[in-house]
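Listed below, chain by chain, are the residues.
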Amino acid sequence: MSDRRLDYIELLWQEVSSNPHRLLDVEKEEEQEEAPPPRRTLQALCSIPRRLAISAGLGGTPVTPQLIESLRRILLGGNFRVFDYEWRKAVFHFREPNSEFAYALKADGGGARAIQMVVQARIIKHLLFTRQSTSDGQTLHSLTEVGRREQDRALAAALSDSLWLAGQEASATVTLVTEDYCITSHLDNKLDTFTERLQLFTFSEKDAITNFILDHIQCFQEEGSHGVILFLYSLICSRTIERLRQDLDSPTSYLLHLSPGSSACRQVGSMLKTPRFPVWVCSINSSCSVLFSATRSLLSDWRAEHLFQLYYYCGQSSQTATARLTVDTHSHHCEASSRDGGDPEKRFPSLEMTIRTKWDGAVIAWNGTSPFY
């Protein structure tokens, strides 16, 4: 046993003598192993492309740990909960300009679709009744004559309208992601690598909000920007956490109840069937969509309600054309029943039933579009 140990020591000494620099290399390796790993920053982990992050010197107010906690609690009900993949990839992206759906956002699915469809309704309002004459001369065709720059303007107008109303038409806040992180993660929250880098920009004039959003429109519409979440944060900050808590049904309520592939919000008010403009956000078969008319007097002149056109967009890429429905409120319900064969148990399309919650007993023609249920 002792002879073997001497042989080993002798061999080791020979190795050191023949390669004296090897001992130094081993010491360096040991020092590297003992040294702590370099600290990773949020910037390295962030999934938002650098081109979509603004400069920290733009003048905004950095987010605080308290605000992050409040945002997560009022949205998701807990400080350790974060948005899933479907939410993080959701943006406000238009379909092809100067086409059948030049006015339309892509909103194929996920919980963010409800927010996308609300913004879609404001885009339609802007394109039909704000950017041009407010007369009843508008048609669906005017929505197809929208170029790329006009799409950007419509989106900026829609977002700023929502934020300005959330701030009670006195002020509004826009949240964007900055290049540098504002806070680091600690034991009281879960890291999501972009909320921690928010900058808040508050404005007291609506035009200033619109122009600011237009200047940074890519932060809401390009892939990887988390655009819908940024807009949702902006809405809450514009409304303020205090007001929003008063809006909720109970102190322990929160806005989003996440389930696989979807989410649901609290109920909206009962006065939305008669808005200022003939644009409605509908919930049909647990899916949000937009129903609208190009005739503004539809809601102010009873004569316009006798026979009129409604258009429908669901947001899904599978829809190849805007559905056009003719609504006849003068045809009696019994006449409609006789046309249908008088079957009292006949199943009507969900969209028809939704329209009849506003115009009871109306007869609805689909004009070549296959009714969908």
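Please read all numbers here as calculations on a predicted model, not as lab measurements.

1. Some words on the sheet that holds strand 9 (residues 323–328)
Alright, step 1. The 5 strands are arranged 6-7-8-9-10 in an open sheet whose pairing can be described as antiparallel. The sheet is open, and its two borders are formed by strand 6 (279–284) and strand 10 (363–365), each paired with just one other strand. Geometrically, the sheet is characterised by an average inter-axis angle of 30° between neighbouring strands, direction not taken into account.
Alright, step 2. Alignment of strand 6 against strand 7 (residues 287–292), held across 6 bridges, turns out to be antiparallel.

2. Remarks on the environment of leucine 105
Alright, step 1. Along the polypeptide, leucine 105 turns up in the loop between helix 5 (85–89) and helix 6 (113–130).
Alright, step 2. With a relative accessible area of 0%, leucine 105 lands in the buried category.
Alright, step 3. Between the C-alpha atoms of leucine 105 and methionine 117, which are 12 residues apart in sequence, the distance is 8.0 Å.

3. Brief notes about the sheet that holds strand 1 (residues 61–62)
Alright, step 1. Strand order in this open sheet of 3 strands is 1-3-2, and the pairing throughout is antiparallel. Two strands bound the open sheet, and with one partner strand each, they are strand 1 and strand 2 (172–177).
Alright, step 2. For strand 2 and strand 3 (residues 198–203), the ladder comprises 6 bridges, and the chain directions are antiparallel. From the neighbouring strand, leucine 176 faces strand 3, where its bridge partner is glutamine 199.
Alright, step 3. Contacting strand 2 and strand 3, helix 11 (residues 227–239) crosses the sheet at an angle of about 145° to strand 2.

Each value, and the rule that gives it
Residues numbered from 1 in each chain as written. Predicted model: local features only at pLDDT ≥ 70, side-chain atom pairs only at ≥ 80, totals over all residues. Heavy atoms only, no water. Pairing = 2+ DSSP bridges. Helix = DSSP H or I, 4+ residues; strand = E, 2+ residues; numbered from the N terminus. Axes fitted to C-alpha atoms, helices over the stretch in contact; angles between N-to-C directions. Buried < 20%, exposed > 50% of the residue type's maximum accessible area, 1.4 Å probe, protein only. Contact = heavy atoms within 4.5 Å.

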